[in-house]
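Letter by letter, the chains look like this.
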Amino acid sequence: MRHRSAGPVGEYVRSFIKGFTKKPYRVADQTKLILDFLDFISLRMRECEVWSNVSSTEFENATEAMEKLIMNRLYNYTFSPAIKREGRWSVQTDDLERDRVLKQRIRLFGWIDETHLDVPVGDHSKGFVDFAIQELLKINHYKAPRDKVICILNCCKVIFGLIRHLSTQENADNFVPILIFVVLRANPDNLISNVEYISRFRNPERLSSESGYYLSSLMGAIAFIETMDYTSLSNITQKEFEENVEDAVQKMSAQPESAEPFTPVQFDTGKLEAGDTSSSPASVQMTPQGSGSDGEDGAPRSPHTPNMPNRQGSTDPYLLDGAGGVRTPTDDGSEFGEDHRTVQESQQSSATNAPAPNRSKRSDFSNFLPSFLSEANILQTPQTQASALPLLKRLQAQEEEGDQQRQVAQIDRAHIDAGVETLKSIFAETDSSVCRLVLEGCDGDVQQAIDKLLEMS
Amino acid sequence: MSSSRSPLSFKLVLLGESAVGKSSLVLRFVKDQFDDYRESTIGAAFLTQTVSLDEQTTVKFEIWDTAGQERYKSLAPMYYRNANCAVVVYDITQPSSLEKAKSWIRELQRQADSNIIIALAGNKTDLASRRAVQTEEAEKYAAEENLLFLETSAKDSYNVSELFTMIARKLPLEQAANAQRGGRAGGSNLMGGGAGSQSGRAGVDLRGGGQGSNDACNC
């Protein structure tokens, strides 16, 4: 009886996804439909017994998970490069064109160094910059708007780590130039598509304060790069600027195999070639750490719909015509039913035994998330992590599980190794074994380990 | 979102040339004035601080710092978009910084939200011996442009909390209360509150949900 109370929510979700994917809505309508649906479904969730007694923080987490669930499912219909890759609909926005222009433009500016942007340099600053670059590049490894935002925030957090490390003042005067420098050096694929996707589909309320600030800063950095000329830089004459750009053009046309065909300096090219590598998330150049730890997109796409326990028969058609995907072996209706019930029970017991976090379920779930995505880490209060996300967490886990589960142990090891390497690049004088110990002490959380090591140094 | 009593939030953008002390001003405000200072989670370019106006009224400022260097001027619109208020800072020992402040103010008046509340702050009164901008001059300008005005010292903590309190008092609190409470009702915890407005939304996509909604009523 208990688990049935969440049934309607699952039903709404399936119907919505089915309706949404039927035909291409205009982008503004997509945004409205999704945000309205998330508002609507949160009200329906509140009416369900499962969520009726949880704290507001827990409930907020559940709505976050719902946003993630919906956007993971609708990614191929909403994220411009994914729409193009799928080829089902035409891309209505100019995101891809802007991506391509930006990507190419940044390639012309590979020669820009710290002095041109007045970015301070000190011991280990390269390590910080490289780390910030890695964090930013991960934006293409995630589908949910929130996760993409977290990549941006992590990147910014590392930049502030550098600012503190160099004992310069923590403010926008110092932050913005480093952010621009990091964007130039990272040159992520699909950067504009990502930023636009976040602005369109991230819950606007949650995009308002701190996340909003750093997203705006990134947009500012992009705008700066889009219009940058020699007057925007320090320590360079017009002649030098032009020579450097000219050199970059020469080099780029000398290596045609390295990337998409190059269109010379004017960026208003109306006709852009289709099928270039920059528009496909699958072509992300992953850093060793990134690919090892959290390649959500690396796993085969499995747009399956988890079966709700008592509706197994009726949901199968949804699987076929709604999502059109192939189920992964783990996505078994009966298994889900069992899990589902377990969660209900544990949920109930944790509700009756005060707010004791459900550890087993949580660590279970955290296997599917990279450690620095774990909410306690950078963004959220400890309670956030402690709270169980009952049903949705399971749904989400099911969604992301796939092959990854089998690789979890391996990934964990790779993650630690890559983390040690990263730490070592920042704290060159610190012994590797110390880095490893600290990192393991922080459960593989590189951010936290950096903070710890900074305290120690 | 945790409770309906959470303070009303307002976006405040901080503008002014580099080295006029705009971040020091905010740090002073955020760290000294009240007990509930909380480290920002990412970095100090974005900070929040609350001001209690009276028993019932608490205002939360979300403070957006901007880069003051001339070359980053074009980024400013990203920051002052949707700002409820702005603090434009100059250095009383640097007349050129007041000119710069005036150009920011002109831009805000042209480009920002038409209801934005702008405060002009002449910082560094602790350097009185090097004063190069007379109080009267800036005061007159502020009056003409309908700005709030105070001279401050981040170093001596002079007029800092006064500046922010002055702004808080000018904010359209009641209007914001309605808007922000309304938003919350739609978002989460007040079940009854937003329910009416929800029906009919997303209608296109909810066919087949009819069955489900009956179930929902049973739980």
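Up top is the structure these notes are about.
The following paragraphs examine the structure supplied in this document. The model shown is predicted, which means the values in this text are computed figures rather than measured ones.

Here we look at the overall build of chain A
For chain A, the count of helices and strands is 21 helices and 0 strands. Per-residue burial over chain A gives 59% buried out of 457 residues. In chain A, the proportion of contacts linking residues at least 24 apart, taken out of those at least 6 apart, comes to 76%. Carbon and sulfur atoms make up 49% of the accessible area of chain A, which amounts to about 18100 Å² in all.

Digging into the pattern of salt bridges
Residues and elements named next belong to chain A. Per the counting criterion, the structure on display carries 28 salt bridges over all chains. Across the pair Glu 64 and Arg 146 runs a salt bridge whose closest N-O atoms are separated by 3.7 Å. Placement of the pair is Glu 64 in helix 4 (residues 56–78) and Arg 146 in helix 8 (residues 145–165), with a sequence separation of 82 residues. Accessibility assignment for this pair places Glu 64 and Arg 146 in one class, buried. One connected set of salt bridges, linked through shared partners, spans Glu 60, Glu 64, Glu 67, Arg 146, Arg 202 and Arg 206.

Side note on the nonpolar core
By size, the foremost hydrophobic cluster in this structure holds 104 residues, and its most contacted members are Leu 117 and Tyr 214 of chain A together with Leu 120 of chain B. With residues near it in sequence (within four places) discarded, Tyr 214 of chain A still touches Ile 152, Leu 153, Cys 156, Phe 160 and Phe 175 of chain A together with Ile 42, Gly 43, Ala 45 and Phe 46 of chain B.

Topic: the packing of helix 8 of chain A against helix 11 (residues 210–227) of chain A
Residue and element names in this part refer to chain A. Two elements in contact, helix 8 and helix 11, have axes whose closest approach is 10 Å; the angle formed by their N-to-C orientations is 80 degrees. Between helix 8 and helix 11, the crossing angle belongs to the class labelled roughly perpendicular. In this structure, helix 8 uses Val 149, Ile 152, Leu 153, Cys 156 and Phe 160 to contact helix 11, whose residues at the interface are Glu 210, Ser 211, Tyr 214, Leu 215 and Leu 218. For the contact of helix 8 with helix 11, a count of residues per class yields 8 nonpolar, 1 polar and 1 charged.

Remarks on the side chain of Thr 66 of chain B
As for its position among the elements, Thr 66 of chain B is in the loop between strand 3 (58–65) and helix 2 (76–80). A polar contact is formed between the side chain of Thr 66 of chain B and the backbone oxygen of Leu 14 of chain B, at a distance of 2.7 Å. Not counting the four nearest positions on each side in its chain, Thr 66 of chain B is found in contact with Ala 172 and Asp 173 of chain A together with Val 13, Leu 14, Leu 15, Lys 22 and Tyr 79 of chain B.

Observations regarding the packing of aromatic side chains
All told, the structure shown has 26 aromatic pairs over all chains when counted by the stated rule. Here Phe 29 of chain B and Phe 164 of chain B contribute two aromatic rings whose centre-to-centre distance is 3.7 Å and whose plane-to-plane angle is 5 degrees, an arrangement assigned as stacked. Separated by 135 residues along the polypeptide, Phe 29 of chain B in helix 1 (residues 22–32) and Phe 164 of chain B in helix 5 (residues 160–170) bring together distant segments of the chain. This pair shows no difference in class: Phe 29 of chain B is buried, exactly as Phe 164 of chain B is. Ring-pair connections join several aromatic residues into one group, and the members of that group are Phe 160, Phe 175, Tyr 213 and Tyr 214 of chain A together with Phe 46, Trp 64 and Tyr 79 of chain B. When the ring centre of Phe 79 of chain A is taken as reference, the NZ or CZ atom of Lys 148 of chain A above it lies at 4.4 Å. Stacked on the ring of Trp 64 of chain B, the Lys or Arg Lys 11 of chain B has its end atom at 3.6 Å from the ring centre.

A word on the pairing of strand 1 (residues 8–16) of chain B
Residue and element names in this part refer to chain B. Most of strand 1 is tucked away: 8 of the 9 residues are buried. Looking at chain direction, strand 1 and strand 3 are connected through 7 bridges and run parallel. Across the sheet, residue Phe 10 finds its bridge partner in strand 3, namely Phe 61. Both strand 1 and strand 4 (residues 85–91) contribute to a ladder of 5 bridges, which runs parallel. In the sheet register, Gly 16 faces strand 4, and the bridge partner there is Val 89.

Quick notes on the side chain of Ser 211 of chain A
Residues and elements named next belong to chain A. Looking at where Ser 211 falls in the secondary structure, it is placed in helix 11. Note on Ser 211: relative accessible area 17%, which makes it buried. Residues contacting Ser 211, with those up to four places away along its chain left out, are Val 149, Leu 153 and Arg 206.

Section: unusual backbone geometry
If you check the backbone angles, Asp 118 of chain A has positive phi at about 55 degrees while not being a glycine. With respect to the secondary-structure elements, Asp 118 of chain A resides in the loop between helix 6 (95–108) and helix 7 (125–137). Even without being a glycine, Ser 157 of chain B presents a positive backbone phi close to 60 degrees. Tracing the backbone shows Ser 157 of chain B in the loop between strand 6 (148–151) and helix 5.

Some words on helix 6 of chain A
All names here are of chain A. Taking 1.5 Å as the rise per residue, helix 6 with 14 residues should run 20 Å; its terminal C-alpha atoms sit 20 Å apart, in good agreement. Buried residues dominate helix 6, accounting for 11 of its 14 residues. Those residues of helix 6 lying buried are Asp 95, Leu 96, Asp 99, Arg 100, Val 101, Leu 102, Lys 103, Gln 104, Arg 105, Ile 106 and Leu 108. Contact partners of the buried residues in helix 6: helix 5 (80–86), helix 9 (172–186), helix 10 (191–201), helix 11 and helix 12 (238–254).

Some remarks on the sheet that holds strand 6 of chain B
Residue and element names in this part refer to chain B. Read across the sheet, 6 strands follow the order 2-3-1-4-5-6 without closing on themselves; strand pairing throughout is mixed. Edge positions in the sheet fall to strand 2 (46–52) and strand 6, since each has one partner strand and no second. Within this sheet the neighbouring strands show an average axis-to-axis angle of 25 degrees, counted without direction. Relative to strand 5 (residues 117–123), strand 4 runs parallel, the two being bridged by 7 bridges. Along strand 5, the bridge assignment pairs Val 87 with Ala 119. Sitting on the sheet, helix 4 (residues 135–145) touches strand 4, strand 5 and strand 6, and the angle it makes with strand 6 is about 165 degrees.

Conventions and cut-offs
- Residues numbered from 1 in each chain as written.
- Chains lettered and ligands numbered in written order.
- Predicted model: local features only at pLDDT ≥ 70, side-chain atom pairs only at ≥ 80, totals over all residues.
- Heavy atoms only, no water.
- Helix = DSSP H or I, 4+ residues; strand = E, 2+ residues; numbered from the N terminus.
- Buried < 20%, exposed > 50% of the residue type's maximum accessible area, 1.4 Å probe, protein only.
- Contact = heavy atoms within 4.5 Å.
- Areas by Shrake-Rupley, 256 points an atom, 1.4 Å probe, with all protein chains shown as cover.
- Salt bridge = Lys/Arg side-chain N within 4 Å of Asp/Glu carboxyl O.
- Core = buried A, V, L, I, M, F, W, Y, C linked by side-chain atoms within 4.5 Å.
- Axes fitted to C-alpha atoms, helices over the stretch in contact; angles between N-to-C directions.
- Parallel < 35°, antiparallel > 145°, perpendicular 65-115°, else oblique.
- Nonpolar A, V, L, I, M, F, W, Y, C, P; charged D, E, K, R; others polar.
- Polar contact = N/O pair within 3.5 Å; in protein donor to acceptor, adjacent residues only side chain to side chain.
- Phe/Tyr/Trp six-rings, centres within 6.5 Å; stacked < 30°, edge-to-face > 60°.
- Lys NZ or Arg CZ within 6 Å of the ring centre and 35° of its normal.
- Pairing = 2+ DSSP bridges.
- Expected span 1.5 Å × (residues − 1).

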